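For reference, the chains in residue letters:
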Amino acid sequence: MKGYQEEFIYNLKKYRKERKLTQAQLSELCDVANGTIANIECGLSKPSFDLILTIATVLGIHPAILFSSNPIQSDVSKEIQQHELLLEMYNKLQEYFGK
């Protein structure tokens with residue numbers, strides 16, 4: 001059981017930092033007390049099932065990713081952003097070259 005908690009904590013920190021959120025900001029977005037995320041990340045407390053779902057929603061990931069020892073390397077949202085950027089570049093090149 002401890003392995004899952006360690007993976008959860010690692011992934012929680014990873015995705016929170018990728019979203020450039022502080023522990024306090026994530027706590028606020030999840031509508032929990034200010035130190036809740038800090039306590040979870042330190043292993044002092046364990047989140048409820050509902051909080052796990054809320055955290056995943058706020059971070060824009062599937063809840064299972066928080067427990068994965070090998071999280072998906074490419075986030076769907078990142079792929080969508082990259083696709084949109086490429087499409088925008090393509091359209092601008094089309095306009096520039098008059099096609």
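Before reading on, note that the structure itself is shown above.
Residues numbered from 1 in each chain as written. Predicted model: local features only at pLDDT ≥ 70, side-chain atom pairs only at ≥ 80, totals over all residues. Heavy atoms only, no water.

Engineer: Any chance you could explain the overall build of the protein chain here in plain terms?
Structural biologist: Per the secondary structure count, the protein chain includes 5 helices and 0 strands. N-terminal to C-terminal, the α/β element order of the protein chain is α-α-α-α-α. Here the protein chain holds 99 residues, and the buried ones make up 26% of them. Within the protein chain, contacts between residues at least 6 apart in sequence are counted, and of these 57% link residues at least 24 apart. Accessible area of the protein chain: about 7200 Å², with a carbon and sulfur share of 58%. (Helix = DSSP H or I, 4+ residues; strand = E, 2+ residues; numbered from the N terminus. Buried < 20%, exposed > 50% of the residue type's maximum accessible area, 1.4 Å probe, protein only. Contact = heavy atoms within 4.5 Å. Areas by Shrake-Rupley, 256 points an atom, 1.4 Å probe, with all protein chains shown as cover.)

Engineer: What should I look at first to understand a nonpolar patch on the surface in this one?
Structural biologist: On the surface, a cluster of nonpolar side chains totalling about 310 Å² of accessible area is made up of L85, L86 and M89. With respect to the element layout, L86 can be found in helix 5 (residues 76–96). The class of L86 is exposed, set by a relative accessible area of 57%. (Patch = residues over 30% accessible without salt bridge, like charges linked within 9 Å, V, L, I, M, F, W, Y side chains within 5 Å. Salt bridge = Lys/Arg side-chain N within 4 Å of Asp/Glu carboxyl O.)

Engineer: Just checking my understanding: could you explain the nonpolar core for this structure?
Structural biologist: Buried together is how nonpolar side chains tend to be arranged in soluble globular proteins. The biggest cluster of nonpolar side chains holds 16 residues, and the ones touching the most others in it are L12, L26, I55, L59, I61 and L66. Among the elements of the structure, helix 1 (2–18), helix 3 (36–41) and helix 4 (49–59) are those that each provide at least two residues to this core. Per-element tally for this core: the top contributor is helix 4, with 5 residues. (Core = buried A, V, L, I, M, F, W, Y, C linked by side-chain atoms within 4.5 Å.)

Engineer: Which parts of the structure should I look at to understand the side chain of R16?
Structural biologist: Mapped onto the elements of the fold, R16 is located in helix 1. A distance of 2.7 Å separates a polar atom in the side chain of R16 from a polar atom in the side chain of E41. In contact with R16, not counting residues within four places along its chain, are L21, T22, Q23, L26, I37, E41 and L59. (Polar contact = N/O pair within 3.5 Å; in protein donor to acceptor, adjacent residues only side chain to side chain.)

Engineer: It is not clear to me how the environment of G35 should be interpreted in this structure. Could you clarify?
Structural biologist: Checked against the element boundaries, G35 lands in the loop between helix 2 (23–29) and helix 3. Distance from G35 to A24, taken between C-alpha atoms, is 6.8 Å for residues 11 residues apart in sequence.

Without other data, these values stay purely geometric and don't point to any function.
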